[in-house]
Each structure stands twice: as C-alpha cells, then as structure tokens.
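# Structural overview for review
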Amino acid sequence: VARMVDLLELGTQTLESVQNIFVAKVSLEMTQKSNNLAHVGDKLARVGAIFLPLTVITGLWGMNCKVPFNIVEGCDALFE
C-alpha cells in the first residue's frame, strides 16, 4: 500500500510538472502573438498617420461648397 501511495505521489508530481511546462509554453506563444499584433498595429498607425491628414485635405478641396480659406484673390483657378 505504501508503494502504491508513493507511485501515486510520483505520478501527481509528474503531472504537475507537465502542466507547468504546458502553461509556460502557452504563455510564451501568447506573448509572441501579442508582440506580433503590436508590431502590426504600429505599422497600421503609421500608415494612418500619413493618410489621415491627406484624406482631410482632399476632402476639403473636393467639396462642392466654399471652404473658409477658399476666398483668396488670384487662387480661384485652383479651387474651381
């Protein structure tokens, strides 16, 4: 009976160590995926920082109504 209890304790310890290794591996993979996602988000933010002001500027000049700074003498040919 004592031998069976020792074997059960050994099995429990082995399972606990395997579980710890599995949790560490999953945690490492999740960290790597998180870092990759942060890298992609950084690239997307850079692209957005470049194109967002351009979109606003082209939106203002593409409107069919006058914008406040549009009434400048000598530059009417550019805006019409």
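Here the structure is shown first, and the text comes after it.
A brief look at the structure comes next. (Residues numbered from 1 in each chain as written. Predicted model: local features only at pLDDT ≥ 70, side-chain atom pairs only at ≥ 80, totals over all residues. Heavy atoms only, no water.)

Regarding its fold elements, the protein presents two helices and zero strands. Just so you have it, the protein exposes about 7,400 Å², and 69% of that area is on carbon and sulfur atoms. (Helix = DSSP H or I, 4+ residues; strand = E, 2+ residues; numbered from the N terminus. Areas by Shrake-Rupley, 256 points an atom, 1.4 Å probe, with all protein chains shown as cover.)

Here the focus is helix 1 (residues 2-61). Side chains that are three or four residues apart share a direction in an α-helix, a result of its 3.6 residues per turn. End to end, helix 1 covers 87 Å across 60 residues, agreeing with the expected 88 Å (1.5 Å per residue, within 8%). At Phe 51, helix 1 is deflected by roughly 25°, the largest bend along its length, and proline Pro 53 occurs up to four residues later in sequence. (Expected span 1.5 Å × (residues − 1). Bend = angle between axes of the 7 residues up to and from the residue.)

Here we come to a nonpolar patch on the surface. A cluster of nonpolar side chains, Leu 52, Val 56, Ile 57, Leu 60 and Trp 61, forms an exposed patch at the surface whose accessible area comes to about 470 Å². Relative to the helices and strands, Leu 52 resides in helix 1. By relative accessible area, which is 58% here, Leu 52 ends up exposed. (Patch = residues over 30% accessible without salt bridge, like charges linked within 9 Å, V, L, I, M, F, W, Y side chains within 5 Å. Salt bridge = Lys/Arg side-chain N within 4 Å of Asp/Glu carboxyl O. Buried < 20%, exposed > 50% of the residue type's maximum accessible area, 1.4 Å probe, protein only.)

Moving on to the pattern of salt bridges. Tallying each qualifying case throughout the model produces two salt bridges. A salt bridge links Glu 29 to Lys 25; the nearest nitrogen and oxygen atoms lie 3.6 Å apart. Taken together, the residues Glu 29 and Lys 25, both in helix 1 and four residues apart, mark about one turn of the helix. A salt bridge links Asp 42 to Arg 46; the shortest N-O distance between them is 3.2 Å. Of this pair, Asp 42 and Arg 46 both sit in helix 1, four residues apart, which is roughly one turn of that helix. On the basis of relative accessibility, which here comes to 56%, the residue Arg 46 falls in the exposed class.

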